[in-house]
Structures are given as C-alpha cells and as structure tokens.
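Reading the structure
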Amino acid sequence: MDHVPPDHPLRRAPIQQRSADRLARILDACAELLDETGYEHLSTRAVALRAGVPIGSVYRFFGNKRAMAIALAHRNLDQYAEGIAERLADLPATDWRPVVDAVLDEYLAMKRSVPGFALVDFGVPAPPAEGPASDPNNLVAGRLTGLLSAHLGLTRDAALERAVLVAVEATDALIQLAFRNDPAGDPDIVAETRAMMHAYLARVLD
C-alpha cells in the first residue's frame, strides 16, 4: 500500500464551500467505484461521470487516480481518528481495555460500512513507498498513540509507540483474515484479535 502523506495530496486545496462540496463528491464517487470495479479499473473519467462533474474538475484537484485514492485514504484516516475520539468521549480514563476496544470497534464499523474501504483503507494498492515513515500502519499507529496517550494520561515515549505499532500490524493482519473468512468479519477471529490486543498491550498499559 502507498502512504497517506502528512499534507493532503491535492493540486489545489478548495477555498470556497462549493469547491469543497465538489471535492467531496469526487472522493465519494471514487469510493463507490472502488467497490464496483476495483483499483486497477478505476479511472478519473469514470469518477467524473459518477460525481457529475467535468473531467477538468477532477484534474484540478488530482494529477491521476493514484493521487485521488491517496486523498481518499487520507480522508478515511481522519474519519477513523474522529470516530475514535467520539467513542473515547464517553469512556473513563481509568480502564484502558474499553479504550482499546473502541479503537478496534471503530475500525470494524468502517470496514463494514464505508464505501471503498476494503481496497483503500489508509493506503492505496501500490508498490511499497520508501522508508518506514511512509507506511500506512506507521501513520495509523502514530495517530492512535496520540489519542491513547491523551485520553489515558500516558507518556508518549518510544516504548508506547513501538507497542502500538506492533498491535496495529498484528491487528491489521488478523482483521484481513477475518474478512477473508466472512464478508462481515468472522466473529471468532475478531474475538481472538481482541484477546490478542488485550494480552499484548497489558505489558505496557497495566
């Protein structure tokens, strides 16, 4: 998967609400078509037709379909972080296990409901980018470390960052397995994943 860069991969950022709405329609259309045709057959022209915008509007924002998919992944990551923050607002900071459950539950909810997420969650299907800092799971782990440390009052040190990254990598692999076994996510694999997260993270969070 390719990376979600820190800055938005746009040729031009929308200034007016009308442009922002058009950009949202383009990304919505991109997500829908990913589910219908897959990444290889995705095209900027098809996205423009689905979004009901001129092809020039797509190229005003994106140089190619890869940039468009990276922008969708960037939006997904923002949505994921926002969803977790909303869940954490209702949870006390005295027990980390429900907090970790909220992180997993938000990801499962997105896997089951967000268009295009099966192919483009937080990165696009492409040759690996250079360097670990550009890896999608590194970026996800960074966002999660910030959310967890802020909510639980933890020191954001190298040990915590490493533990969250390992948990993200392991969880990513297991959830992929769960959804290969069952389009809705094999509940037994999901339960094992949750148990694994609790057992592993107890080393640093207890």
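Below you will find a few notes about this structure. (Residues numbered from 1 in each chain as written. Predicted model: local features only at pLDDT ≥ 70, side-chain atom pairs only at ≥ 80, totals over all residues. Heavy atoms only, no water.)

A word on helix α7 (residues 158-181). An ideal rise of 1.5 Å per residue puts 34 Å on 24 residues; α7 measures up with 35 Å between its terminal C-alpha atoms. Taken together, the buried positions of α7 are Leu160, Ala163, Val164, Ala167, Val168, Thr171, Asp172, Ile175, Ala178 and Phe179. Considering only its buried residues, α7 is in contact with α5 (96-113), α6 (136-152) and α8 (187-205). (Helix = DSSP H or I, 4+ residues; strand = E, 2+ residues; numbered from the N terminus. Expected span 1.5 Å × (residues − 1). Buried < 20%, exposed > 50% of the residue type's maximum accessible area, 1.4 Å probe, protein only. Contact = heavy atoms within 4.5 Å.)

Once that is clear, we can look at the pattern of salt bridges. According to the stated counting rule, one finds nine salt bridges in the structure shown. Here Arg50 ties to Glu32 by a salt bridge, and the two come within 3.1 Å at their closest N and O atoms. With Arg50 in helix α2 (residues 44-51) and Glu32 in helix α1 (residues 17-37), this residue pair connects regions lying 18 residues apart in the sequence. Look at Arg50 and you get partly exposed, because its relative accessible area is 37%. The shortest N-O distance in the salt bridge between Asp206 and Arg97 comes to 3.3 Å. You can see Asp206 sitting in the segment after α8 and its partner Arg97 sitting in helix α5, a full 109 residues away along the chain. According to the relative accessible area criterion, Asp206 is exposed, its value standing at 63%. Salt bridges sharing common partners tie together Glu32, Glu36 and Arg50. (Salt bridge = Lys/Arg side-chain N within 4 Å of Asp/Glu carboxyl O.)

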